[in-house]
Every structure is written in structure tokens, then in C-alpha cells.
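Architecture and fold: a report
Below are the chains, spelled out letter by letter.
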Amino acid sequence: MIDYRTMEADSPFLLATVSLVSALQMGYLAWRVGLSRMAHKVLPPSVTGPPEFERTFRAQQNCVECYPVFLVTLWTCGMFFSEVTAAAGGLVYIIARQLYFNGYAKSTKKRLPGFYLTLAVFFTLSLLGLIGILRGILHKYFHIHL
């Protein structure tokens, strides 16, 4: 059992919370694919079937493909720039992926708002993480304080 009285106050609770919520979302999206399989009678391991199923499957797979990039940018930004900023960006990412998934399941064109919002989150978290890393390198190795 964890003794919370001795846990450090600067533990990345917000990053861990957003990571867990995003993992639960990934499970939910997989469940939606399962429901679509049953509704359209597409048995595993087949990934082809009616367009409705294929869009749902593809939407979930695209979310899986983006997930490692999300986790790396979330944690890099949170550890080297700002945990609060990264967690807020992470929540926006979760919303963006849900918009993407729901839109794609209806029509390929309806995925675009969620897609563009996802790109904006990736860019922002990456840029802020890079700024934090560069600031840390300048401070630690060159004694330049920005």
C-alpha cells in the first residue's frame, strides 16, 4: 500500500490522471469497434465489411497509431515545461480524439475537425516540451538562465 503521507508533493499526479483517462478512452474506442463488429456481423480477424464498420475500425486504429506520440509529447511537456499546461493539452487531445472518432464513424469528411485539433495539440505539446528541454540544457550545461 502506498503511504500518501510520504509521497512527494511534486509527483506528476495530473499527468498520470490524464494518461489514465486517455487509456480508458482507448479501451472505450476498442469496445465501440466490438459493438460495430456485432452490429455488422464482421467476425475477427476480418477487418473488412460494410463501410460503417470499416470507418469505425479505421478511426480506432488511427487513434491507436497516434497514442504513442500523444504520451511522449504529454509527458515531455509536463516534465520539462509545465504539468498543468500539459494536462490541459492532454484533456483537449482526449476531446479531439473523441470528435475524430465520432466524426469518422459517420463520414470520412467529418473526421477533419478532430484531426486538425489533434495536430494543434501535438504541435503545442511538442513545442512547449522542446522549449522546456532547451531551457533545461542551457541552464544545466551552459549556466544560462532564461
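The structure under discussion appears in the preceding block.
Residues numbered from 1 in each chain as written. Predicted model: local features only at pLDDT ≥ 70, side-chain atom pairs only at ≥ 80, totals over all residues. Heavy atoms only, no water.

1. With respect to the nonpolar core
Counting residues in each nonpolar core, the largest one holds 22 residues, and the members touching the most others are Val18, Phe70, Leu74, Ala86 and Tyr93. Looking at this core, the elements with two or more residues in it are α1 (13-40), α2 (51-80), α3 (83-106) and α4 (112-142). With near-sequence residues (within four places) excluded, alanine 86 lies in contact with Leu15, Leu74, Cys77, Gly78 and Leu125. (Core = buried A, V, L, I, M, F, W, Y, C linked by side-chain atoms within 4.5 Å. Buried < 20%, exposed > 50% of the residue type's maximum accessible area, 1.4 Å probe, protein only. Helix = DSSP H or I, 4+ residues; strand = E, 2+ residues; numbered from the N terminus. Contact = heavy atoms within 4.5 Å.)

2. Some points on the side chain of asparagine 62
The topology assignment puts asparagine 62 in helix α2. Engagement of the side chain of asparagine 62 in a polar contact is seen with the side chain of arginine 58, the distance being 2.6 Å. Every residue in contact with asparagine 62, bar those within four places of it in the chain, is listed here: Arg97, Tyr100 and Tyr104. (Polar contact = N/O pair within 3.5 Å; in protein donor to acceptor, adjacent residues only side chain to side chain.)

3. Let's talk about α3
Think of an α-helix as turning once every 3.6 residues; residues three or four places apart then point the same way. An ideal rise of 1.5 Å per residue puts 34 Å on 24 residues; α3 measures up with 35 Å between its terminal C-alpha atoms. Its side-chain oxygen 3.5 Å from the backbone nitrogen of valine 84, serine 82 forms the N-cap of α3. (Expected span 1.5 Å × (residues − 1).)

Function cannot be read off these values alone, since they describe shape.
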